[in-house]
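# Breakdown of the fold
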Amino acid sequence: MTSAVSSRTAVLPPAARRARRRSAALGLLAWLAGIVFFLPVAWMALTSLHSEADAATNPPSLAAPLTLDGYREFFGAAGGASPWPPLINSVMASVFSTAVVLLLAFPAAYALSIRPVRKWRDVLFFFLSTKMLPVVAGLLPVYLIAKNTGLLDNIWLLVILYTSMNLPIAVWMMQSFLSEVPVALIEAAQLDGARLPTVLGRVIAPVVGPGIAATALICFIFSWNEMLFARVLTGVTAQTAPVFLTGFITSQGLFLAKVCAASVVISLPVLAAGFAAQDKLVQGLSLGAVK
């Protein structure tokens with residue numbers, strides 16, 4: 001059996017052997033790149049399990065004893081502030097803004113793909129151009145508007161801001177997904193008497209489900225990680241998790257183990273969402289790439 005396999009390998013044409021070596025090299029390179037990107041995350045998780053004294057050593061010790069003191073301090077065991085209100089605020093702002101973005105982006109993408117308007121490419125470019133404005137350029141006007149309307153330190157202000165920030169990229173992404181839907185499928189549903197809400201909800205949505213999941217996940221990540229507006233426009237009531245994390249950097253020093261523990265906990269919702277939707281994310285991001 002071994003000789004038969006080796007004989008088949010030996011008679012492979014040169015092009016096939018080169019393709020096999022190229023594939024093996026690309027696979028090895030992908031594994032190396034994955035390890036390089038994963039090492040900082042693994043190091044952060046390991047540091048979160050060390051004491052402050054061991055975490056502050058230079059060079060750090062891999063053989064240091066493990067402890068959960070950083071996590072206990074993060075969750076307020078030592079009498080500090082509770083992380084649950086900021087975590088709940090981040091969940092509310094991210095989930096509600098993502099839901100509103102999907103509700104608005106879906107019909108807008110339908111109008112720009114299935115039933116395109118005049119100069120629809122210019123419309124898409126205008127949507128995308130709004131992301132080119134530096135965020136700090138709009139910080140002062142937004143702050144003044146929030147102050148005059150009494151919306152400072154209000155979680156619903158963040159929902160509105162995150163919706164407006166993520167809506168352009170959501171429309172852009174979903175337009176590319178909806179453009180792959182066969183028009184004949186929609187026309188068949190309309191011939192059967194289906195109205196637009198039915199066509200959107202029961203015909204188009206199941207077909208572009210992976211694209212919707214990919215768009216939702218990206219909008220959720222952008223909202224969860226946003227810190228500049230949350231830092232300036234919130235105080236105590238509407239404080240989000242990234243802002244709460246910056247509170248561990250004080251004039252007394254940097255508590256590295258506690259910061260790493262907080263970073264791990266705050267990263268878990270995004271990692272869990274990405275892991276749960278990884279199949280839909282890959283399908284959505286590759287939708288239309290291969291015909």
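About the criteria used
- Residues numbered from 1 in each chain as written.
- Predicted model: local features only at pLDDT ≥ 70, side-chain atom pairs only at ≥ 80, totals over all residues.
- Heavy atoms only, no water.
- Patch = residues over 30% accessible without salt bridge, like charges linked within 9 Å, V, L, I, M, F, W, Y side chains within 5 Å.
- Areas by Shrake-Rupley, 256 points an atom, 1.4 Å probe, with all protein chains shown as cover.
- Salt bridge = Lys/Arg side-chain N within 4 Å of Asp/Glu carboxyl O.
- Helix = DSSP H or I, 4+ residues; strand = E, 2+ residues; numbered from the N terminus.
- Buried < 20%, exposed > 50% of the residue type's maximum accessible area, 1.4 Å probe, protein only.
- Axes fitted to C-alpha atoms, helices over the stretch in contact; angles between N-to-C directions.
- Parallel < 35°, antiparallel > 145°, perpendicular 65-115°, else oblique.
- Left-handed = near helix turned anticlockwise from the far one by under 90°.
- Contact = heavy atoms within 4.5 Å.
- Expected span 1.5 Å × (residues − 1).
- Bend = angle between axes of the 7 residues up to and from the residue.

We now examine a nonpolar patch on the surface. Together, Leu 28, Leu 32, Ile 35 and Leu 39 make up an exposed nonpolar region whose accessible area comes to about 390 Å². Structurally, the position occupied by Ile 35 is in helix 2 (residues 14–48). Judged by its relative accessible area of 44%, Ile 35 is partly exposed.

Another point: the packing of helix 6 (residues 120–129) against helix 8 (residues 155–178). Their axes nearest at 8 Å, the elements helix 6 and helix 8 cross at an angle of 140°. When the axes of helix 6 and helix 8 are compared, the pair comes out oblique. As helix 6 runs across helix 8, the sense of the crossing is left-handed. For the pair helix 6 and helix 8, the contacting residues are Trp 120, Leu 124, Phe 125, Phe 127 and Leu 128 in the first and Pro 168, Ile 169, Val 171, Trp 172 and Gln 175 in the second.

The next subject is helix 14 (residues 256–276). Residues spaced three or four apart along an α-helix face the same direction, because each turn holds 3.6 residues. Here helix 14 contains 21 residues, and its C-alpha end-to-end distance of 30 Å stays within 8% of the 30 Å for a straight helix at 1.5 Å per residue. A bend of about 35° at Leu 268 is the largest found in helix 14, and the proline Pro 269 appears one to four places after it.

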